[in-house]
Amino acid sequence: MKKWNAASVKASKGVSRLACLTAYDTGSARLADAAGIALLLVGDSLGMTVLGYDSTLPVTMAEMLHHTAAVVRGATDAMVVADMPFLSYQINREEAFRNAGRFVQEAGADAVKVEGGAIRAELVRTLTENGIPVLGHIGLTPQSVNVLGGYKVQGKTRAACDRLLDDAQALAEAGAFAIVLECTPPDIGAAVTAAVPVPVISVGAGPACDGQMLVMHDMLGLTERPPKFAKPYATLAATMRTAFAAYAAEVQTGAFPAPEHCYAPTAP
Ligand code: KIV
């Protein structure tokens, strides 16, 4: 399989559905890549899934660069997209360009993602024209949680739906190679998907979109309270809890390590 890139992801619209996942480390990126995942997003959900923050807002450039480089080392065929963290692209275009460039130059990312619709069109155009492909992100944009008043379903009114359509069109016209649409009713997912010539990747936006994205920890059953749309494909938290408890008990009783876990005795 040839490595996915911005052009092939864009060209997949209407041809095949994209299976996308978030990833934060080399090992899980390698497994997802081998399973045929087209696009690995190093999401700033890193803050909650791995780093123990309450939201994505505290995540820094240094943390995102570190984890993006780790995912790049595990990806062979999947395209790796780095999520630009809060305040890394909102202050001014120069800073945004420099930070986006660091993801490509220092961490080896294939593209970056920014949250926001029409307001980001100019930035998307600048980055794209300078060689940095951009994945858009509209609907529920977690970096704006304090403005949105929580992690809520978006696009529930006609006006909100029209705004999403305008935002998606602005991003596509500016050169975004694909757009993430998060947490909307499925009819909005269908309308946005039909309105733009680039793939719309659903994060809880229904089955009519051109692709689906899940947070890896949600789909593996590692998240305590996953969102409604996150289907669990495994129950790893329970498996890990059982393994940790069994190990702790065997260390206590002396059952571990057994002879098969020990090296041959030193020769006399
Ligand atoms: O940070 C993240 O994981 C994301 C995806 C859910 C789109 O932004």
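Notes on the structure follow.

About the criteria used
- Residues numbered from 1 in each chain as written.
- Predicted model: local features only at pLDDT ≥ 70, side-chain atom pairs only at ≥ 80, totals over all residues.
- Heavy atoms only, no water.
- Near = heavy atom within 4 Å.
- Polar contact = N/O pair within 3.5 Å; in protein donor to acceptor, adjacent residues only side chain to side chain.
- Areas by Shrake-Rupley, 256 points an atom, 1.4 Å probe, with all protein chains shown as cover.
- Pairing = 2+ DSSP bridges.
- Helix = DSSP H or I, 4+ residues; strand = E, 2+ residues; numbered from the N terminus.
- Axes fitted to C-alpha atoms, helices over the stretch in contact; angles between N-to-C directions.
- Parallel < 35°, antiparallel > 145°, perpendicular 65-115°, else oblique.
- Left-handed = near helix turned anticlockwise from the far one by under 90°.
- Contact = heavy atoms within 4.5 Å.
- Nonpolar A, V, L, I, M, F, W, Y, C, P; charged D, E, K, R; others polar.
- Buried < 20%, exposed > 50% of the residue type's maximum accessible area, 1.4 Å probe, protein only.
- Arc of directions from axis to C-beta.
- 1 Å grid on protein atoms, 1.4 Å probe; cavity = no way out; pocket = protein on both sides within 12 Å on 5 of 7 lines; lining within 4 Å.
- Points joined across faces, edges and corners; volume = space filled by probe spheres on them.
- Salt bridge = Lys/Arg side-chain N within 4 Å of Asp/Glu carboxyl O.

## A look at the site of the ligand
Around the ligand, the neighbouring residues are T22, L41, G43, D44, S45, D83, K113, H137, V180, V203 and V215. Note that an oxygen atom of the ligand is positioned 2.5 Å from one of the side-chain N or O atoms of S45. Residue K113 places a side-chain N or O atom 3.2 Å away from an oxygen atom belonging to the ligand. Look at the ligand: alone it shows 260 Å² of surface, and the protein chains cover 95% of it.

## Quick word on the sheet that holds strand β6 (residues 178–182)
Taken together, the eight strands give a closed barrel; going around it, the order is β1-β2-β3-β4-β5-β6-β7-β8, and neighbouring strands pair in parallel fashion. Along the sheet, successive strands turn relative to each other by an average axial angle of 25 degrees, direction set aside. Sheet analysis places strand β4 (residues 111–113) next to strand β5 (residues 134–139), joined by two bridges and oriented parallel. What sits directly across from V112, in β5, is V134.

## Section: the packing of helix α2 (residues 26–34) against helix α4 (residues 61–74)
To describe two helices that pack against each other, one gives the angle between their axes and the distance between the axes. Contact geometry of α2 with α4 gives a least axis separation of 7 Å together with a crossing angle of 40 degrees. As summarised for this structure, α2 and α4 are arranged oblique, according to the angle between their axes. Considering the relative orientation of α2 and α4, their crossing is right-handed. Seen from α2, the contacting residues are T26, A29, R30 and D33; seen from α4, they are A70, V71, R73 and G74. Residue classes in the contact of α2 with α4 are distributed as three nonpolar, two polar and three charged.

## Quick word on unusual backbone geometry
Residue P257 is bonded to the preceding F256 through a cis peptide linkage, with omega at 0 degrees. Despite not being glycine, L87 has its phi angle at roughly 75 degrees, a positive value. Its location among the elements puts L87 in the loop between β3 (79–83) and α5 (93–105).

## Section: α2
Those residues of α2 that fall on the buried side of the exposure criterion are T26, S28, A29, A32 and D33. Seen end-on, α2 carries its buried residues on one side only, within an arc spanning 165 degrees. Turned more than 90 degrees away from the buried face of α2, the exposed residues are L31 and A34. Backbone nitrogen of G27 and a side-chain oxygen of the N-cap are separated by 3.1 Å at the start of α2; the cap is D25. Downstream of α2 by one or two residues, G36 has phi in the positive range, about 95 degrees.

## Focus: the side chain of Q143
Residue position: Q143 is located in the loop between β5 and α7 (145–148). Of the polar contacts made by the side chain of Q143, one reaches the side chain of D44; its length is 2.7 Å. Looking at Q143, its side chain comes within polar contact range of the side chain of Q90, at 3.2 Å. Excluding residues that lie within four positions of it along the chain, Q143 makes contacts with D44, T56, L57, M84, P85, F86, Y89, Q90 and E115.

## Considerations on the environment of F97
Looking at the secondary structure, you find F97 in helix α5. We classify F97 as partly exposed; its relative accessible area is 32%. Distance in space between the C-alpha atoms of F97 and V153 is 31 Å, their sequence separation being 56 residues. The contact partners of F97, leaving out residues within four places of it in the chain, are L127, N130 and I132.

## Remarks on the layout of surface pockets
Within this model, the largest pocket holds a volume of roughly 810 Å³. Together, 36 residues line the largest pocket, and M48, E182, V215, D218 and P227 are the ones closest to its centre. Secondary structure elements with two or more residues in the lining of the largest pocket: α3 (46–49), β6, β8 (211–214) and α10 (216–219). The residue makeup of the lining of the largest pocket, split by class, is 16 nonpolar, nine polar and eleven charged.

## Concerning the pattern of salt bridges
For the coordinates displayed, the defined rule picks out seven salt bridges. In this structure, the salt-bridge partner of D110 is K3, at a minimum N-O distance of 3.1 Å. Of this pair, D110 sits in the loop between α5 and β4 while K3 sits in the segment before α1 (6–11); the two residues are 107 residues apart in sequence, bridging distant segments of the chain. D110 gets classed as partly exposed once you look at its relative accessible area, which sits at 25%. According to the relative accessible area criterion, K3 is partly exposed, its value standing at 32%. With a shortest N-O distance of 2.9 Å, K113 and D83 are connected by a salt bridge.

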